[in-house]
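# Chain and residue survey
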Amino acid sequence: MDRSWMFKNRTTDAFEIGVNDFLRQAVAHAGIGNRIYCPCLKCGNKALYKVHEVKGHIFYNGFDTNYQRWIWHGESHLGSTVNNLGVTSITVPPLMQEDDDDDIFDMMQDVEEEFVDRPDQFEKLLSDAEKPLYDGCPNNYTKLSALVRLYNLKAANGWSDKSFSDLLVAISDMLPRPNELHTSMYQVKKTMSSLGMGYEKIHACRSDCVLYRKEYKDLECCPVCGVSRWKLEKNKDMNKKAVPAKVIWYIPPIPRFRRLFRNDAHAKNLTWHATERIKDGMLRHPADAPQWKTIDIMYPEFGTESRNLRLGLAADGMNPHSNQSTSYSTWPVILVNYNLPPHLCMKRKFVMLTMLISGPKQPGNDIDVFLAPLIEDLKLLWEEGVECFDGYRNETFKLRATLMWTINDFPAYGNLSGYSVKGYKACPICGNDTCSERLKHRKKICFMGHRRFLPQAHQFRKQKKNFNGQPEHEKVLQPLTGVQILQSVSDLHVEFGKGKKNLSVDGAWKKKSIFFDLPYWKDLYVRHNLDVMHIEKNVCESLIGTLLNIPGKTKDGEKTRLDMAEMGIRESLKPITESGRRTFLPPACYVLSRSEKRKFCSTISEIKVPMGYSSNVRNLVQMKDLRLINLKSHDCHTLMQQLLPVAIRGLLPKQVRTVIVRLCYFFNAICSKVIDPIKIDELQEEVVVTLCLLEKYFPPAFFDVMVHLIVHLPREIKLCGPVWLRWMYPMERYMKILKGYVRNRSRPEGCIIECYVVEEAVEFCSEYLESTPTIGIPKSLESRQNVRMGFKVTPVEYKMLCEAHFYVLQNTPEVDCYRLEHLTRGEKWLQAEHRRCFIRWVRQRIETELAKPEHCITQTLRWLANEPRRDVIRYSGYGINGYTFHTCEHDLRSTTQNSGVTVEGESLHVSSAKDKNPVYANMSYYGFIEDIWELNYTSFKVAVFRCKWVNNKTGVKVDENGFTLVDLNKEGDSSDQFIMASQAKQVFYVSNPNDGRWSVVLTSKPKLYDSGDVCDNIEETPSFSQRLPECEDDQNEDVSYVREDCEGEYIEVDNSKMNKRKKFTS
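In this report, the structure presented in the accompanying data block is examined.

Basis of the calculations
- Residues numbered from 1 in each chain as written.
- Predicted model: local features only at pLDDT ≥ 70, side-chain atom pairs only at ≥ 80, totals over all residues.
- Heavy atoms only, no water.
- Pairing = 2+ DSSP bridges.
- Helix = DSSP H or I, 4+ residues; strand = E, 2+ residues; numbered from the N terminus.
- Core = buried A, V, L, I, M, F, W, Y, C linked by side-chain atoms within 4.5 Å.
- Buried < 20%, exposed > 50% of the residue type's maximum accessible area, 1.4 Å probe, protein only.
- Contact = heavy atoms within 4.5 Å.
- Axes fitted to C-alpha atoms, helices over the stretch in contact; angles between N-to-C directions.
- Arc of directions from axis to C-beta.
- 1 Å grid on protein atoms, 1.4 Å probe; cavity = no way out; pocket = protein on both sides within 12 Å on 5 of 7 lines; lining within 4 Å.
- Points joined across faces, edges and corners; volume = space filled by probe spheres on them.
- Nonpolar A, V, L, I, M, F, W, Y, C, P; charged D, E, K, R; others polar.
- Parallel < 35°, antiparallel > 145°, perpendicular 65-115°, else oblique.
- Salt bridge = Lys/Arg side-chain N within 4 Å of Asp/Glu carboxyl O.
- Phe/Tyr/Trp six-rings, centres within 6.5 Å; stacked < 30°, edge-to-face > 60°.
- Lys NZ or Arg CZ within 6 Å of the ring centre and 35° of its normal.
- Left-handed = near helix turned anticlockwise from the far one by under 90°.

The next thing to look at is the sheet that holds strand 25 (residues 883-886). Pairing is antiparallel across the open sheet formed by 3 strands, whose spatial order is 21-24-25. Either end of the sheet is taken by a strand with one partner, and the two such strands are strand 21 (788-789) and strand 25.

Looking now at the nonpolar core. Counting residues in each nonpolar core, the largest one holds 197 residues, and the members touching the most others are L403, F515, F600, I660, F667 and F698. Among all residues touching F667, those that are not within four sequence positions of it are I535, E536, V539, M640, Q641, I710 and L713. Core analysis: the second largest hydrophobic core is formed by 46 residues, A804, A865, I873 and L935 among them.

Attention now moves to the sheet that holds strand 5 (residues 200-204). For sheets, the rule is that strands pair by backbone hydrogen bonds, running either parallel or antiparallel. The 6 strands lie next to each other as 5-8-11-10-9-14, forming an open sheet whose pairing is mixed. Only two strands of the sheet have a single neighbouring strand rather than two, namely strand 5 and strand 14 (401-407). Neighbour-to-neighbour, the strand axes of this sheet turn through a mean angle of 20°, independent of strand direction. With respect to the sheet, helix 14 (residues 367-383) is in contact with strand 5, strand 8 (246-250), strand 9 (309-315), strand 10 (331-337), strand 11 (352-357) and strand 14, its orientation differing from that of strand 11 by roughly 150°.

Within helix 11 (residues 290-298), the full set of buried residues consists of Q291, W292, T294 and I295. Taken down its axis, helix 11 places every buried residue within 160° of arc, on the same side. Turning to helix 11, the residues buried within the fold contact helix 10 (272-275), helix 12 (300-303), strand 9, strand 14 and helix 24 (713-720).

With that settled, consider empty space enclosed by the protein. If you walk through the whole model with that rule in mind, you get 6 cavities of 30 Å³ or more. Taken as a whole, the largest cavity spans an internal volume of roughly 370 Å³. Lining the largest cavity are 19 residues, with L260, K349, Y756, E760 and E763 positioned closest to its centre. Counting residues per element, the ones that place at least two in the lining of the largest cavity are helix 8 (253-262) and helix 26 (748-766). When the residues that make up the lining of the largest cavity are grouped by side-chain class, the tally is 9 nonpolar, 2 polar and 8 charged.

So, on to the packing of helix 8 against helix 14. At their nearest, the axes of helix 8 and helix 14 sit 10 Å apart, and the two run at 45° to each other. On the basis of the axis angle, helix 8 is oblique to helix 14. Seen from helix 8, the contacting residues are P253, I254 and F257; seen from helix 14, they are L374, D377, L380 and L381. Of the residues assigned to the contact of helix 8 with helix 14, the class counts are 6 nonpolar, no polar and 1 charged.

With that settled, consider the environment of A245. Looking at the element boundaries, A245 is found in the loop between strand 7 (239-244) and strand 8. In sequence terms A245 and H203 are 42 residues apart; their C-alpha atoms lie 7.7 Å from each other. Filtering out sequence-adjacent residues up to four positions away, A245 remains in contact with R206, R229, W230 and K231.

The next subject is the pattern of salt bridges. Within the structure shown, the criterion is met by 41 salt bridges. Between D390 and R307 there is a salt bridge whose closest N-O contact spans 2.9 Å. Of the two residues, D390 sits in strand 12 (residues 386-390) while R307 sits in the loop between helix 12 and strand 9, which places them 83 residues apart along the sequence. One salt bridge connects R1043 with E596, and the closest N-O pair in it is separated by 2.7 Å. Here R1043 is found in the loop between strand 33 (999-1003) and strand 34 (1049-1054), whereas its partner E596 is found in helix 19 (residues 594-606), with 447 residues between them in sequence. Like E596, R1043 is buried. Within the structure, one salt-bridge network assembled from shared partners comprises E305, R307, D390, R393 and E395.

With that settled, the discussion passes to the packing of aromatic side chains. As enumerated under the stated definition, the model contains 28 aromatic pairs in all. With a centroid separation of 5.8 Å and 45° between ring planes, the pair formed by F410 and Y413 is classed as tilted. Of this pair, F410 and Y413 are both found in helix 15 (residues 410-417), 3 residues apart, which corresponds to roughly one turn of the helix. Take F410 and Y413: they sit in the same class, and that class is buried. Aromatic ring contacts, followed pair by pair, group W5, F15, F22, F59 and F63 into a single cluster. R649 extends its terminal NZ or CZ atom over the ring of F963, reaching a point 4.9 Å from the ring centre. Its end group placed over the ring of W724, K673 keeps NZ or CZ at 4.5 Å from the ring centre.

Before going further, it helps to spend a moment on the packing of helix 21 (residues 654-670) against helix 22 (residues 677-697). Taken N-terminus to C-terminus, the directions of helix 21 and helix 22 make an angle of 145°; their axes are 10 Å apart at the nearest point. Crossing angle aside, the handedness with which helix 21 passes helix 22 is left-handed. Residue-level contacts link Q655, V656, V659, R662, L663, F666, A669 and I670 of helix 21 to L683, E686, V687, V689, T690, L693, L694 and Y697 of helix 22. Across the contact of helix 21 with helix 22, the residue classes tally to 12 nonpolar, 2 polar and 2 charged.

Note that every value here comes from positions in space, so none of it alone points to a role or purpose.
Okay, structure coming up:
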């Protein structure tokens, strides 16, 4: 008998038909009088009820989907079961089973070829896979499957080795004796590591000159610097034999790629970019970008095989001790697989650790020495390929791979590319064309001259006084291609090793990068990515530090003013020395006054954001000193994306405020997950204007290289695709996981590698154990949907119940035909009568239809016509659509704000009371949730929100900068309070610093992810504004750089100690 209906929605016809068939079978074969056992989730076959009562229970509570062998309803113990896809198969009772649902023997078959050289280990693993945990063990747990399940829990929850060993001992004591469960972490790792893919320990020169491999494998001393290969004993000249001075751990990627393709589900996902990707011209994935397509065109024999891999390489330093006071740098090298769907590319399961370069010092420019084994494997994968079995297509093919780019922060950019990212030519895209100038007093280099990126006829090119005192006639040169770079560095001779000094080409290129050993590397448009995460963080810190004049963070100060005077610009901001003992700094247009600082910090400290939106931003504010502290990368991201433009509303001069909002809008736009290529050119033009405006108002010291790199971000997006698949956020999170592997502080790298290999084996085994979730992919958020909090059953007023019921009828598709029939009496009649009598009319209409012998009334319509029960289930919280909603009462005692809601609705508009032709139009309504109800229609339930809405006529407006503002005190129509929970979208409100009556509306981002379905329906990053603020397009060069409404700053000099003390005066 078909069981697929058990997993369908209770409101569908298929579920209703399935229930009826089930009840007929139960009555015929297992009825006790006129009663049968109830299989609903609540009863669980423990109580007898009449058939119609059982049917009501099933629709009300749901059918127990774990009850697949219907032994209480007439089916024999040798029955049939159905999986979640509705496929029926024969189920054998536990005592008769020879194999269970876990394909542990399929796993052993898949890894058999990996044990050709280790037959004894394979025999032991096979024995562990067959051996029951103890005699008579239920659920068919074997020694191996039990270890996999337990270690999976350890890895997923970050348990320590000691706690896990203690748990094993405790469980072993609880189980019947004798049992096969290991009782120590050492035994578990020994068993599981045999299923891992292994790694290579390669000795290295302590000065990073060479790796002791190939021709250097048997050397005792470095052939370059002559330093011993081994560690020296303390206070002795003797070498400590067999203890290498430095080691790197190399984890070959090729065997891991092969194992990935053996799994049919993974093999299918690895061709997603060719078979299931949406191709509508938008940039959703690197496969949509020109760089991917260029490889396909230039190397058609590679591009025609969709299984060939496109990889990204990430490298960065981390402190494995998680202690900032310890200077220790370990460098993991990670591969990212872009063949996968966007929501899987950066997941822990598919991020592949390939190398670990040990500390304590970072490799720096010598990183090429350590990357040599990986580059050789990548070259092999490109030129020759390797034989690989495809588990999805059940065939063998030649697997090849290409490295698309590297992902790194800016210092690592220089190490990997061989370009010097310091000095006058620090921009690797501009190269020799970099416009830079040294500031004499701050002793820093600034990067200005962004007017070169403007069109030739732009008015800013002609202005002198507002910029550097000169008109701009220069043009921007095209970035060097890979071929041109290779030509310029091909003859550059480099000696690797600490302390070696090498000549550079034109003071910029330090070496020929080892990546040029890959034949295709020179053909790529972008070889190394600029990291938006670090750029955004540095720009945010400079901006906040300058606005709030935070010591050590501000780009303003006496030296900055002297530099501007030296450059002959902004004479009005020149420091004024008084009496030889103190200096007065006029208030600049880019610095907040003390009262504005208090408003700014107060706004940030009072913000309540939705659950999971960010960290508690109120902890970042220090009201005593009026500054922001301890800003992390994601805190800066949150500020730049949405919060900063709101916090400065009404503060600063208008032109300065506008340029900051434009900069935040740019970062918000480039972080979108779906980008229109046409709009990228518009973003490029607008960001150049924004940078020119920043030059116009902000001091030269503000323009470090990170600010300058903003101008090149749109180009990389256009060539490579969305930012979120090429930035460091996933890598930083993954390095946090690697740090958690460290158990022995004196051997951090060894701990990381051993734990990684064991977890890799457990992850592999988990794919064959259906009851064991994988570690590397988060649990589906579908399980968190419809989460209820604060359960309470209360009767409600009949009038309000009818209002909620009316809204459900209005928004149920099956009722549409009746709603339209009821509206045929005229639109004007709708306003007066439709709401009042539609419920009664629908009930009578359905009853009339049901009286006919042949009718088409569905079960849903039948229950809807009968109205919901008077007793309503009320909640204080409800999870749906990726949001977690709370009532406003709950928010009052919470640190988060989850009651804000918006909905798109069709509204009837009339010009006057005499208007006989009203017009329908879609509008956005804003409000907050007062109550959450669940209406009980017997066979199904419907969740609705009772909301307090803002008056759309007088309480909602959009200002000149595109911000949506609402007055929460202006209540809208109270007769239309309800919406269905499925229609709601979450917003949150931030008090307007300029006018406390109004609040700025900001959109929350839903957190939707389903690990079971492969899709690319990625939600957009919400924007704080509906449009980009326009800049003032005038020819006036008489810009006021001094604020008349703000106090200045005095710097008093203590000549005896030469210490400077700052104080503000009104």
